[in-house]
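# Fold and geometry: a report
Given next are the chains, with one letter for each unit.
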Amino acid sequence: MIPFSPPRIDQKILDAVCDTLRSGWITTGPKTRLFEEKLTEFSGNAATLCVNSATAGLEIILHWFGLQEGDEVIVPAYTYCSTANVVVHCGAKVVFVDSGEDFLISLKAIEKAITPRTKVIMPVDLAGFPCDYDEILSLVKRKEIRALFQPRNDRQNQLGRIMVLSDSAHSLGAWYKAKRAGSLTDVTVFSFHAVKNLTTAEGGAVCLNLPEPFDNNQICNGLRIKSLHGQTKDALSKMQIGSWRYDIIEPGFKCNMTDIQSAMGLVELERYDNDMLAKRKHIFQEYDKVFSTYGWAQLPVYETEEKKSSYHVYLLRIKGITEEQRDRIIRKIFDREVAVNVHFVPLPMMTYYKNAGYRMEDYPVAYDNYSREITLPVYYDLSDPMIKEVTDAVIAAVKSVIS
Ligand SMILES: *Cc1c(COP(=O)(O)O)cnc(C)c1O
């Protein structure tokens, strides 16, 4: 059986985790601080806070920006549930919009969806390919769009426009116009969940890059407190002699990252560019080589003059098939002991969002992308002979269903 996305667990990771366990300090501490510094250096943003998931990272940012009932957040219909669920948690309204043929949020659809209640746009770097951020940022900075914005607190007032919060769960290390994901928008959130490019088992990072006059370091310190109950001292500083007393300055969240997780992250980040991304790119290119010879295959775009993917997942589409045919193809691939997936079932098709009144017919491009899509395995330990097993299984399955 070829699994879909096992993590890379080698001796280096085992040693790093064991060293942390033996050190006696296992929760948030020096390793997490170091991991945050290395991530900031890597992505080129202003300040970074590690948390226990991307979902928690997105949520504390919406909370920091003061999202509440009556506000609207623009989210692509084609994403994982986290992007929209966190908006619901704040009591704000999710405004789904359609995507383009490249799987990314459509600029035109964003423009049409903006109202005086819009506070945040959450583009998703699907498959690791960055969205068109220059265009999205110029849109929110446009005079008439700024004029619509109705701030409800000091932070919103200070920004003076819609915030761009990118769900970059897939795109650590991706490039856009010579800048890395993490430094492309006001705030970027990465995921280090077990299936992501860089994993700490569970985890995420909030990369701050807010414009002047915001002080990103100061905001980061505030978010650190928010991620730990609103408590003025973390566990490590409370341990210092005579330093037991602390205060609670707000009813915060509990979503800090542990040093065990950061130990894994430090190992992975060190070898991310030259080892992990190089390997993933190789797998993408091998898939391209095989499928470009078949007329039924629609290959994903993952590199242009301006953008370079982080090669997170390979989104193959089959031309001219129905959703039902796609499902049959997937069953036949599984019959050949190869695990594939679909990224993603659009959220308006999910029971909660369907019951909330969203209709999939309103997002035709997202539906078309979804209905013909099969995600192929991409991970560090996928060898060339295994790649051949995958491509053979896909080709046989497609031929048996469409001919
Ligand atoms: C994985 C994923 C998330 C959530 O990441 P967690 O770290 O598990 O919270 C959010 N958005 C997208 C697009 C994802 O794929």
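These lines cover the structure that appears in this document, whether it is placed above or below. (Residues numbered from 1 in each chain as written. Predicted model: local features only at pLDDT ≥ 70, side-chain atom pairs only at ≥ 80, totals over all residues. Heavy atoms only, no water.)

So, about the site of the ligand. The local shell around the ligand holds 15 residues, among which Thr55, Asp167, His170, Ser191 and Lys196 are the closest. Ala54 places a polar main-chain atom, nitrogen or oxygen, 2.8 Å from an oxygen atom of the ligand. A distance of 3.3 Å separates an oxygen atom of the ligand from a polar atom in the side chain of Lys196. Taken by itself the ligand offers 380 Å² of open surface, and the protein chains cover 92% of this. (Near = heavy atom within 4 Å. Polar contact = N/O pair within 3.5 Å; in protein donor to acceptor, adjacent residues only side chain to side chain. Areas by Shrake-Rupley, 256 points an atom, 1.4 Å probe, with all protein chains shown as cover.)

This next bit is on helix H4 (residues 81–89). Within H4, burial applies to Ser82, Thr83, Ala84, Val86 and Val87. Structurally, H4 contributes buried residues whose contacts are with helix H3 (54–64), strand E2 (72–76), strand E3 (93–97), strand E5 (163–167) and helix H14 (351–355). Following H4 by one or two positions, Gly91 adopts a phi angle in the positive range, close to 85°. (Buried < 20%, exposed > 50% of the residue type's maximum accessible area, 1.4 Å probe, protein only. Helix = DSSP H or I, 4+ residues; strand = E, 2+ residues; numbered from the N terminus. Contact = heavy atoms within 4.5 Å.)

Most of strand E1 (residues 47–51) sits inside the fold, with 5 of its 5 residues counted as buried. Taken together, the 5 bridges between E1 and strand E9 (residues 204–208) define a ladder with antiparallel strand orientation. Bridged to Ala47 within E9 is Leu208. (Pairing = 2+ DSSP bridges.)

We now examine the side chain of Asn45. Positionally, Asn45 belongs in the loop between helix H2 (30–43) and E1. Overall, the relative accessible area of 8% leaves Asn45 in the buried class. One polar contact links Asn45 to Thr48, side chain to side chain, over a distance of 3.0 Å. Aside from chain neighbours lying at most four places away, what touches Asn45 is Leu39, Thr40, Gly182, Ser183, Cys207, Leu208 and Asn209.

This paragraph deals with the side chain of Thr20. Looking at the secondary structure, you find Thr20 in helix H1 (residues 11–23). Filtering out sequence-adjacent residues up to four positions away, Thr20 remains in contact with Trp25, Ile26, Lys31, Asp259, Ile260 and Ala263.

Attention now goes to unusual backbone geometry. At the junction of Glu212 and Pro213, the peptide bond is cis and its omega measures out at 5° in the coordinates. In this structure, Pro213 sits in the loop between E9 and helix H9 (216–226). Look at the link from His343 to Phe344: it is a cis peptide, with omega at 0°. As for its position among the elements, Phe344 is in the loop between helix H13 (323–335) and H14. One non-glycine residue, His229, lies in positive phi territory at about 70°. Inspection of the secondary structure assignment puts His229 in the loop between H9 and helix H10 (235–239).

As a further point, take the state of the cysteines. One pass over the structure, following the stated rule, counts 0 disulfides. Here Cys220 stays free of any disulfide, with the sulfur of Cys50 as its closest cysteine sulfur at 9.1 Å. Taking the relative accessible area as the measure of exposure, Cys220 reaches 4% and is therefore buried. (Disulfide = S-S within 2.5 Å.)

This paragraph deals with the packing of H13 against helix H16 (residues 384–402). At a minimum axis distance of 8 Å, the contact between H13 and H16 shows a crossing angle of 135°. In terms of their interaxial angle, H13 and H16 are classed as oblique. For the pair H13 and H16, the crossing hand works out as right-handed. On H16, the residues that touch Gln325, Arg328, Ile329, Lys332 and Ile333 of H13 are Ala393, Val394, Ala397, Val398, Ser400 and Val401. By residue class, the composition of the contact of H13 with H16 is 7 nonpolar, 2 polar and 2 charged. (Axes fitted to C-alpha atoms, helices over the stretch in contact; angles between N-to-C directions. Parallel < 35°, antiparallel > 145°, perpendicular 65-115°, else oblique. Left-handed = near helix turned anticlockwise from the far one by under 90°. Nonpolar A, V, L, I, M, F, W, Y, C, P; charged D, E, K, R; others polar.)

Glancing now at the sheet that holds strand E12 (residues 314–318). To summarise the sheet geometry, strands pair through backbone hydrogen bonds and adopt either a parallel or an antiparallel arrangement. With antiparallel pairing, the 3 strands of this open sheet are ordered in space as E10-E12-E13. For this open sheet the edge positions go to strand E10 (297–298) and strand E13 (373–376), each flanked by a neighbour on one side alone. Inspection of the sheet shows E12 paired to E13 by 4 bridges, in the antiparallel sense. When the bridges of E13 are listed, Tyr314 appears paired with Leu376. Contacts from H13 reach E12 and E13 within the one sheet, and its direction differs from that of E13 by about 25°.

Attention shifts here to the nonpolar core. Residues Phe96, Met163, Leu165, Tyr287 and Phe291 are the most contacted members of the largest nonpolar core, which totals 126 residues. Of all the elements, H16 adds the most residues to this core, at 8 residues. Of the residues that make up this core, three or more belong to each of domain 1 (11–270) and domain 2 (272–402). Setting aside chain neighbours within four positions, we find Leu165 in contact with Leu58, Ile61, Leu62, Val120, Ile121, Met122, Pro123, Val187 and Val189. (Core = buried A, V, L, I, M, F, W, Y, C linked by side-chain atoms within 4.5 Å. Domains from an automatic or database assignment.)

Shape descriptors only; they carry no functional weight alone.
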